[in-house]
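Take a look at the letters that make up each chain.
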Amino acid sequence: GQAYYLTLDRTNWRWGQVDLNILFLAVVYQGTAIPVYWLVLNKRGNSNQRERIALLKRFIKQFGRGGILGVLGDREFIGEAWWRWLSAQRIPYLIRIRETQQLHDTCGRCCTMRSRFRDLKVGSRRCFRKARRVSGQRVWLSALRLESGELLILAANRPVSKPLQTYALRWQIESLFQALKGRGFDLEQTRLTQYARIKKVIALLAVGFCWAHKVGQWKHHVVKPLRVKSHERLEQSLFRYGL
């Protein structure tokens, strides 16, 4: 079977006095991300390592680990136990880490990511050929200096030929969130605050999202192709076209 990248991310909003916070595990697919499993978190803020592992275990139980090209995640998705579990399951990961994260160099000295990549100019990138020790794990590091001056630093548990281009696939889950929320189904306007009901609504929206995306694909290939704009993207998303 075909293999895919998985991406983890949260979306959250507030209704009245209630914070609604949902962790998604999605499959990267044709410019978007297909939601597969989700967890309504009964708290504000980041997910913990146990919650992430629980979602991946559900995926592996249903689909196996053979079809996973890798797990992509933002700076929230760090943690020694989480990384160690992924490596023990032989699942590749490519996770963004913070500039303040500590690493040990080849001589065993400790320094921050920011100091290690301080000489990078805007638009410049660097990939280490040898693994470094971060959060107790051996990882391969790569970095890019963004136009904002911020560093985009990635950690992988095995060498990746094009880490920055691969990590860019993570952004496709943002298009999923846009489709579920303001640019599509207006999930934030459901007025539901009970976790069990929110889980069911998301299940319906996941089916609706896939249906709309599939209709958009069919219209694009059979009815009327969407125009490709100068930045090589379609004039609108397949989801919007199908919706």
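Here's what I pulled together on the structure shown here. This structure is a prediction, so every number in the text was calculated from the model and none was measured. (Residues numbered from 1 in each chain as written. Predicted model: local features only at pLDDT ≥ 70, side-chain atom pairs only at ≥ 80, totals over all residues. Heavy atoms only, no water.)

### A few points about the overall build of the protein chain
Stated formally: Strands here mean DSSP runs of E at least two residues long; helices mean DSSP runs of H or I at least four residues long; both are numbered from the N terminus. With the radius of gyration taken over C-alpha atoms, the globule rule is written as 2.2 Å times the number of residues to the power 0.38. The buried label applies to any residue whose accessible area, calculated with a 1.4 Å probe on protein chains only, is under 20% of its type's maximum; exposed applies above 50%, and partly exposed to all values in between. Contact between two residues is taken to exist if any of their heavy atoms lie within 4.5 Å; hydrogens are not considered. All accessibility values rest on the Shrake-Rupley procedure with a 1.4 Å probe; residue burial counts only the protein chains present in the view. Working convention for charge: Lys and Arg count positive, Asp and Glu count negative, and His plus the chain ends are omitted. By convention, charge coordinates are those of NZ in Lys, CZ in Arg, CG in Asp, or CD in Glu.
When helices and strands are tallied, the protein chain shows 7 helices and 11 strands. Whereas a compact globule of 243 residues would reach a radius of gyration of roughly 18 Å, the protein chain reaches 19 Å, a difference of no more than 12%. Its C-alpha atoms give the protein chain principal-axis dimensions of about 60 × 45 × 40 Å. Across the 243 residues that make up the protein chain, the buried fraction comes to 45%. Considering only contacts within the protein chain whose residues lie at least 6 apart along the sequence, 53% involve residues at least 24 apart. Just so you have it, the protein chain exposes about 13,500 Å², and 49% of that area is on carbon and sulfur atoms. Where the 44 positive side-chain charges of the protein chain centre and where its 16 negative ones centre are 6 Å apart.

### Considering the pairing of strand E5 (residues 93–97)
Going by this rule: A strand pair is defined by DSSP finding two or more bridges across the two strands.
Summarising burial for E5: 5 of the 5 residues are buried, a large majority. By the alternation rule, side chains of E5 split into Tyr93, Ile95 and Ile97 and Leu94 and Arg96, which are all buried. Strand direction decides the pairing type here: E5 and strand E11 (residues 151–156), joined by 4 bridges, are antiparallel. Across the sheet, the residue bridging to Ile97 is Ile153, located in E11.

### A look at the nonpolar core
What counts is decided by this rule: The set of buried Ala, Val, Leu, Ile, Met, Phe, Trp, Tyr and Cys residues whose side-chain atoms join them within 4.5 Å is what this entry labels a nonpolar core.
In terms of nonpolar packing, the biggest core is built from 37 residues, with Leu8, Leu56, Val71, Trp82, Trp83, Phe117 and Leu141 touching the most fellow members. When residues in this core are grouped by element, the largest group, 5 residues, is from helix H1 (residues 49–63). With near-sequence residues (within four places) excluded, Leu141 lies in contact with Ile97, Leu103, Met113, Phe117, Arg126, Cys127, Phe128, Arg132, Val134, Leu154 and Ala155. Counting 22 residues, the second-largest nonpolar core is a separate cluster that includes Trp13, Val40, Ala179 and Phe209.

### Re the packing of aromatic side chains
When we look at a pair of aromatic rings, we describe it by the centre distance and by the angle of the planes. Counted only if it meets this: Only the six-membered ring of Trp is used, alongside the rings of Phe and Tyr, when aromatic pairs are assigned; centres must lie within 6.5 Å, and planes under 30 degrees apart are stacked while those over 60 apart are edge-to-face, with the rest tilted. Whether a charge lies above a ring is judged from NZ of Lys or CZ of Arg, which has to be within 6 Å of the ring centre and within 35 degrees of the ring normal.
Under the defined criterion, the tally for this structure stands at 8 aromatic pairs. The interplanar angle of 25 degrees and the centroid separation of 5.2 Å between the aromatic rings of Trp83 and Tyr93 together place this pair among those described as stacked. Pair noted here: Trp83 is in helix H2 (residues 80–88) and Tyr93 is in strand E5, with a separation of 10 residues, a long-range link. Taking the relative accessible area as the measure of exposure, Tyr93 reaches 2% and is therefore buried. Plain terms: the ring middles of Phe117 and Phe128 are 5.3 Å apart, the flat faces sit at 15 degrees to each other, and that makes the pair stacked. Here Phe128 lies in the loop between strand E8 (125–127) and strand E9 (132–134) and Phe117 lies in the loop between helix H3 (113–116) and E8, a separation of 11 residues in the sequence. Through pairs of rings, three or more aromatic residues link up here, namely Phe24, Trp38 and Phe177. The residue whose ring lies beneath Arg132 is Phe128, and the NZ or CZ to ring-centre distance is 4.4 Å.

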